[in-house]
Structures are given as structure tokens and as C-alpha cells.
Amino acid sequence: MAKLILSMDGLVLKEIVLNKERMTIGRRPSNDIQIDNLAISGEHAAVVTILDDSFFEDLNSTNGTLVNGQPIKKHFLKNGDVAELGKYKLKYIADAAQSADAGYDKTTLQSEMLDPSSNQASDLTSSSSGGVPLPQAVPDSPSVSITVLGALQVLNGVNTGREIDLTKTLTRVGKPGRQVAVVARRPLGYFITHVEGAKFPMVNGKTVDDQAYPLKDHDVIDIAGVKMEFFLKE
């Protein structure tokens, strides 16, 4: 399981195992990781973990957040990345088993931001240049097939009928600043997780919580007022 190592001025203060899907960092005692320092906002940042992947998100903090020396709003974490909150540093250590899992390179993962109200989808983020397709089999799970590709079809709005193949490991959907979710492609299937916004996504008319929600064939997702049907291609 991945973890964060909290340090200040080179002195390690604690190790935090990322055993929750969303862990908040801030000055208030209600945070999962409390840093009692005036340079840290009440709720400064959060680490969201979706299965084997994590990303660091600044929660509109007063003094901001750096990752590897660069200011960020959201950053998909790679092994060894260092987040800086004032004088404090949080180093991300990926689970050693994850880096070899499924035979693909974590550092090359890419995510896709799709705003269904737009006519285009644009590639975002980590610092890498290309995505790597998932392998075609899982040796220890012969009963699970990951060769079937998932897709989304827009059901309303100007892009009604448009299909988006979920070929990447992480696909972000929604409208930045309003409501965003992540659809993760994994050997056990596809999962949707809330990322940003006061309202959570709905699946088949039911609001999902902050845990990863498994998608089934023909589930209808409602996010930021746009409805999309998830389906599996033959």
C-alpha cells in the first residue's frame, strides 16, 4: 500500500499509509493528516487514491502547494514525488508491488479530461508523454476478462450520441470548477470516483459517495447535468 512520509528540515516526522480513498491535510484536527502550523490552511490539500493510483489536490489553500517544486492544483503522483506545504514535505512512496503489477509503467499513465458540453477532449497531466494500454490478461485471475472495452455515450446536450472509448487507465469527466469525477479502468472492471465539486455524481438516479463505485453495463451516469451511458463493447 502506498504511503506518504512527512518531514520538516530533513527530519522525518511520521509515515502515513494511504488506506483511505480520500485523506485531507490541514491545520484543523478534523483532517486525516493534521499539521498544526499557521502557514497551513485549515483544509489545505487532499490525497485521493483510486485503486493503485493517487493524486494530490490543493484545496484552494492560502499559501498553495508545490509538487517537485512546481505549484499545482491537481497532480497525479509518481513514486518519489515530493509535495511541499510551507516548510513541510510529503514524499509519496508507491507500493513496491504496484510498480510491477500488470506489466505496465506507472510513470507513463495519462488521463483525459472530457467536458461533454465541449466538442473536444484534451489530454491532461502527469508529466509523461503517452499512455500505455492495459495488458490483455491477468494470470492470477483467469475468470476476469479485461479485453472488453468500456465506453461512454452522451445522452443529452449538444453532444448527444457522441461516444468516448475508455481506453486510458484514468479518464476524468465533468466540468472543472463545477463537478469532476474519474473513471478508472482496472482488471476487475471500471470504477467511477468523485473528485471535485459539492455535488457527487449520480448512477442510475442514485448519488454515489466518495468511494470508488463499480460500473455495470448500461449504467447511466449524471455529472454536472450531463447524462452518459456506460456500456461494454463486444
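In this report, we go over the structure that sits alongside the text.

The rules behind the values
- Residues numbered from 1 in each chain as written.
- Predicted model: local features only at pLDDT ≥ 70, side-chain atom pairs only at ≥ 80, totals over all residues.
- Heavy atoms only, no water.
- Helix = DSSP H or I, 4+ residues; strand = E, 2+ residues; numbered from the N terminus.
- Buried < 20%, exposed > 50% of the residue type's maximum accessible area, 1.4 Å probe, protein only.
- Areas by Shrake-Rupley, 256 points an atom, 1.4 Å probe, with all protein chains shown as cover.
- Pairing = 2+ DSSP bridges.
- Core = buried A, V, L, I, M, F, W, Y, C linked by side-chain atoms within 4.5 Å.
- Contact = heavy atoms within 4.5 Å.
- Salt bridge = Lys/Arg side-chain N within 4 Å of Asp/Glu carboxyl O.
- Lys, Arg positive; Asp, Glu negative; His and termini not counted.
- Polar contact = N/O pair within 3.5 Å; in protein donor to acceptor, adjacent residues only side chain to side chain.

## Section: the overall build of the protein chain
(1) Moving on: Scanning the protein chain from terminus to terminus reveals one helix and 23 strands.
(2) Moving on: Evaluated residue by residue, the protein chain yields a buried proportion of 46% over its 234 residues.
(3) Moving on: Approximately 11600 Å² of the protein chain is accessible, and the part contributed by carbon and sulfur atoms is 51%.

## So, the pairing of strand 11 (residues 88-93)
Note on strand geometry: in a regular strand, side chains alternate between the two faces of the sheet.
(1) Moving on: In strand 11, alternate side chains face the same way, and those of Tyr88, Leu90 and Tyr92 are buried while those of Lys89, Lys91 and Ile93 on the opposite face are not.
(2) Moving on: As paired elements, strand 1 (residues 3-8) and strand 11 share six bridges and run antiparallel to each other. Note on strand 11: the bridge partner recorded for Ser7 is Lys89.
(3) Moving on: Inspection of the sheet shows strand 10 (residues 82-85) paired to strand 11 by four bridges, in the antiparallel sense.

## A short note on the nonpolar core
(1) Moving on: Membership of the largest hydrophobic core comes to 21 residues, with the highest contact counts inside it found for Leu4, Leu18, Ile25, Val47, Phe56, Leu85 and Leu90.
(2) Moving on: Elements represented by at least two residues in this core include exactly strand 1, strand 3 (22-26), strand 5 (45-50), strand 10 and strand 11.
(3) Moving on: Top element by residues in this core is strand 11. It accounts for three residues.
(4) Moving on: Not counting the four nearest positions on each side in its chain, Leu4 is found in contact with Lys14, Glu15, Ile16, Leu18, Ile33, Val47, Leu90, Lys91 and Tyr92.
(5) Moving on: Counting residues in each nonpolar core, the second largest holds 19 residues, with Val203, Val208, Ile223 and Val226 among its members.

## Considerations on the sheet that holds strand 3
(1) Moving on: Spatially, 4-3-5-6-9 is the arrangement adopted by the five strands of the open sheet, whose pairing is mixed. What marks the edges here is a single partner per strand, and that holds for strand 4 (33-34) and strand 9 (74-76).
(2) Moving on: Here strand 3 pairs with strand 5 via four bridges, running antiparallel. Of the residues in strand 5, the one forming a bridge with Thr24 is Ala46.

## Structural notes on the pattern of salt bridges
(1) Moving on: According to the stated counting rule, one finds eight salt bridges in the structure shown.
(2) Moving on: We note a salt bridge from Glu57 to Arg22, for which the minimum N-O separation is 3.8 Å. Here Glu57, found in strand 6 (residues 53-58), pairs with Arg22, found in strand 3; they are 35 residues apart in sequence, far enough to count as distant.
(3) Moving on: Between Glu57 and Lys74 there is a salt bridge, and its shortest N-O distance comes to 3.7 Å. Of this pair, Glu57 sits in strand 6 while Lys74 is found in strand 9, placing the two residues 17 residues apart along the sequence.
(4) Moving on: Residues participating in the shared-partner salt-bridge network are Arg22, Glu57 and Lys74.

## Some points on the side chain of Glu229
(1) Moving on: Residue position: Glu229 is located in strand 23 (residues 226-232).
(2) Moving on: At 12 Å, Lys227 is the nearest oppositely charged side chain to Glu229, a buried residue that forms no salt bridge.
(3) Moving on: Here His218 takes part through its side chain, which lies 2.6 Å from a polar atom of the side chain of Glu229.
(4) Moving on: If we skip the residues at most four places from it in the chain, Glu229 touches Ala151, Leu152, Gln153, Leu155, His218, Asp219 and Val220.

Interpretation in functional terms is not warranted from these geometric data alone.
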